[in-house]
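Summary of the model geometry
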Amino acid sequence: MEDRTEQEQASPEVRKRIRDSFDRQGLMAHLGARISHIAPGRVRITLPARPEVTQQHGYFHAGATSAIADSAGGYAAYTLFPENAEVLTVEYKINLLAPATGDHIEAVGTVLKSGRTLTVCQLEVFGVQSDGARKLVANGQQTLIRVNRPEQ
């Protein structure tokens, strides 16, 4: 059954706010990650396979896998925040379930509970082959805090 959030898109204003923030992340640019979908409470980030994001056996490095998962969850939460708020990760735990291989990996952050101060997200990372076959390679949970944007 198709998840309805796969069809949904966040409003143009929210998508712009998310993309502008993502573009300021040096690590995501360094890794070559990009946002592939923004919906209310759900964000997908993809990372193409290349030698710079692998470990010694040729799999995607756990650090790259974890980094895009963290950002996907953070931006999923951010889609539900008011315009004057920012997001910071408080903690996350990730389980690496299988070696991450494929044409690219895709992290999916999904809000489980959005609160006034804390938000909890589910994190999933899939290895995606060039034929579209997907395998869950990591999953986890994350807690984020909503903070007020500093006045300028």
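The text that follows walks through the structure, step by step, so that each part is easy to find. (Residues numbered from 1 in each chain as written. Predicted model: local features only at pLDDT ≥ 70, side-chain atom pairs only at ≥ 80, totals over all residues. Heavy atoms only, no water.)

**Here's the deal with the overall build of the protein chain**
For clarity, the cut-off: What counts as a helix is a DSSP run of H or I of at least four residues, what counts as a strand is a run of E of at least two, and both are numbered from the N terminus. Only C-alpha atoms enter the radius of gyration; for comparison, a globular chain is expected to reach 2.2 Å times N to the power 0.38, where N is the number of residues. Buried means the residue's accessible area, taken with a 1.4 Å probe over protein chains only, is under 20% of the maximum for its type, while exposed means over 50%, and partly exposed covers the values in between.
Regarding its fold elements, the protein chain presents three helices and six strands. Its helices and strands in sequence order give the protein chain the pattern α-α-β-β-α-β-β-β-β, from N to C terminus. Against the 2.2 N^0.38 benchmark of 15 Å for 152 residues, the protein chain shows a C-alpha radius of gyration of 15 Å, consistent with a compact globule. The dimensions of the protein chain, computed from C-alpha atoms along their principal axes, are 45 × 35 × 25 Å. Within the protein chain, the fraction of its 152 residues that count as buried is 45%.

**Here's the deal with the pattern of salt bridges**
To be explicit about the condition: For this analysis, a salt bridge means a side-chain nitrogen from Lys or Arg found within 4 Å of a carboxyl oxygen belonging to Asp or Glu.
One pass over the full model with this rule turns up five salt bridges. Residue Glu106 is joined to Arg134 by a salt bridge in which the shortest nitrogen-to-oxygen separation is 2.6 Å. Here Glu106 is found in strand β4 (residues 104–114), whereas its partner Arg134 is found in strand β6 (residues 134–148), with 28 residues between them in sequence. Among the residues examined, Glu106 registers a relative accessible area of 8% and is labelled buried. By relative accessible area, Arg134 is classed as partly exposed at 41%. Members of the salt-bridge network, linked through shared partners, are Arg44, Glu106 and Arg134.

**A look at the layout of surface pockets**
Stated formally: In the cavity and pocket records, a cavity denotes points on a 1 Å grid over the protein atoms alone where a 1.4 Å probe fits but cannot get out, a pocket denotes an open set with protein on both sides within 12 Å along at least 5 of 7 lines, and lining residues are residues with an atom within 4 Å of a point. Grid points are joined across faces, edges and corners, and a volume is the space filled by probe spheres set on the points.
The volume enclosed by the largest pocket comes to roughly 190 Å³. What lines the largest pocket is a set of 14 residues, among which Ser21, Gln25, Gly74, Tyr75 and Val87 lie closest to the centre. Secondary structure elements with two or more residues in the lining of the largest pocket: α3 (62–78), β3 (85–96) and β6. For the lining of the largest pocket, the leading source of residues is α3, giving five residues.

**Topic: the sheet that holds strand β5 (residues 118–128)**
The following threshold applies: Here, any two strands with at least 2 DSSP bridges between them count as paired. Axes, fitted as lines to C-alpha atoms, cover a helix only where it is in contact. Angles between the N-to-C directions of the axes lie from 0 to 180 degrees. Only heavy atoms matter for contacts: two residues are in contact if any of them lie within 4.5 Å across the pair.
The strand order across the open sheet built from six strands is β1-β2-β4-β5-β6-β3, with neighbouring strands paired in antiparallel fashion. Two strands bound the open sheet, and with one partner strand each, they are β1 (34–39) and β3. Neighbour to neighbour, the strand axes of the sheet diverge by 20 degrees on average, direction disregarded. Inspection of the sheet shows β3 paired to β6 by eleven bridges, in the antiparallel sense. When the sheet's bridge partners are listed, Val87 is paired in β6 with Arg146. The strands touched by helix α1 (residues 12–23) are β1 and β2 (42–48); relative to β1, the strand with the most contacts, the crossing angle is about 155 degrees.

**Section: α3**
Selection criterion: To estimate how far a helix should extend, the number of its residues minus one is multiplied by 1.5 Å.
Spanning 17 residues, α3 covers 24 Å between terminal C-alpha atoms, matching the ideal 24 Å at 1.5 Å per step. Counting buried positions along α3 gives 15 out of 17 residues, so the element sits mostly inside the fold.

**A word on the side chain of Thr143**
By secondary structure assignment, the location of Thr143 is in strand β6. Beyond its immediate stretch of four places on either side in the chain, Thr143 contacts Thr89, Val90, Glu91, Leu118, Thr119 and Val120.

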